[in-house]
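# Fold and contact review
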Amino acid sequence: MRRKVDHIQRTELILQNAQELFGELGYPQVTLMLLAERCQLSRTVLYRYYESKRKVFEAVLYRISTHLGMEFLQYAQQNPQTPPSQKMRFILVRLVEYMEKNIPFLDAVVEYLIDLQRKGESVTRRVMRHTVLLRLTLFRLIREAVDTGEFNALPISQIAGVFYEQVMGAAMQMAVTETHDPDNFRTRLDLTLKALKK
């Protein structure tokens, strides 16, 4: 009798191993053969789940961004008495701390984006797709801060852009220039929040 396969569990196994492998070797060096070996699966079985390295990597990114995005949305909803600016600070610091703990994988993300750009694909569209929940949470919190009078009435998309660029800058400093300073990030974030307050 054939053993029943738990596809959800197997997918999780593949994605967890893929995240580790991309962090260890970098995006260009990972192959589906290496991933299949790491997961103790045949290449044929792995192909049933993901037809290319790129599809696996995008699934890993989606898994991470969805997990963090849901965490941020829940935090914002479960702390109604906390001022919006404090919620934003918590979320953005938490996101940067996550990146700090996963710099090798962040390096792989940069390599993946460079690969997309070389192939003439829209890097911006990919990044936007994987940051939907983060941007949604920021927009909601900024709107709440403006509506309650905590922030000056400025265009919400421009305010969100300032915070988004601070996070992207921190990511580039970690992955590319290796000049990221967590204390400086927090100081700049606090100054930005202070400047927006009435």
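All of the points below concern the structure found in this document.

With that out of the way, let us pick up the packing of helix α1 (residues 7–25) against helix α6 (residues 103–118). At their nearest, the axes of α1 and α6 sit 7 Å apart, and the two run at 85 degrees to each other. As far as their axial angle goes, α6 and α1 are roughly perpendicular. Packed against α1, whose contacting residues are Q19, F22 and G23, the element α6 presents P104, F105 and A108 at the interface. Its residues assigned to classes, the contact of α1 with α6 shows four nonpolar, two polar and no charged.

This paragraph deals with the pattern of salt bridges. If you walk through the whole model with that rule in mind, you get 13 salt bridges. Here E144 ties to K87 by a salt bridge, and the two come within 3.7 Å at their closest N and O atoms. Separated by 57 residues along the polypeptide, E144 in helix α8 (residues 132–147) and K87 in helix α5 (residues 84–101) bring together distant segments of the chain. Given a relative accessible area of 2%, K87 falls into the buried group. Here the salt bridges do not stand alone but share partners, grouping R54, E58, E121 and R126 into one network.

A word on the packing of aromatic side chains. One pass over the full model with this rule turns up seven aromatic pairs. Put simply, the rings of F22, Y27, F57, F105 and Y112 pair up and form one aromatic cluster. Above the ring of Y27, the side-chain terminus of K53 is found at 4.4 Å from the ring centroid.

Cut-offs used in this document
- Residues numbered from 1 in each chain as written.
- Predicted model: local features only at pLDDT ≥ 70, side-chain atom pairs only at ≥ 80, totals over all residues.
- Heavy atoms only, no water.
- Axes fitted to C-alpha atoms, helices over the stretch in contact; angles between N-to-C directions.
- Helix = DSSP H or I, 4+ residues; strand = E, 2+ residues; numbered from the N terminus.
- Parallel < 35°, antiparallel > 145°, perpendicular 65-115°, else oblique.
- Contact = heavy atoms within 4.5 Å.
- Nonpolar A, V, L, I, M, F, W, Y, C, P; charged D, E, K, R; others polar.
- Salt bridge = Lys/Arg side-chain N within 4 Å of Asp/Glu carboxyl O.
- Buried < 20%, exposed > 50% of the residue type's maximum accessible area, 1.4 Å probe, protein only.
- Phe/Tyr/Trp six-rings, centres within 6.5 Å; stacked < 30°, edge-to-face > 60°.
- Lys NZ or Arg CZ within 6 Å of the ring centre and 35° of its normal.

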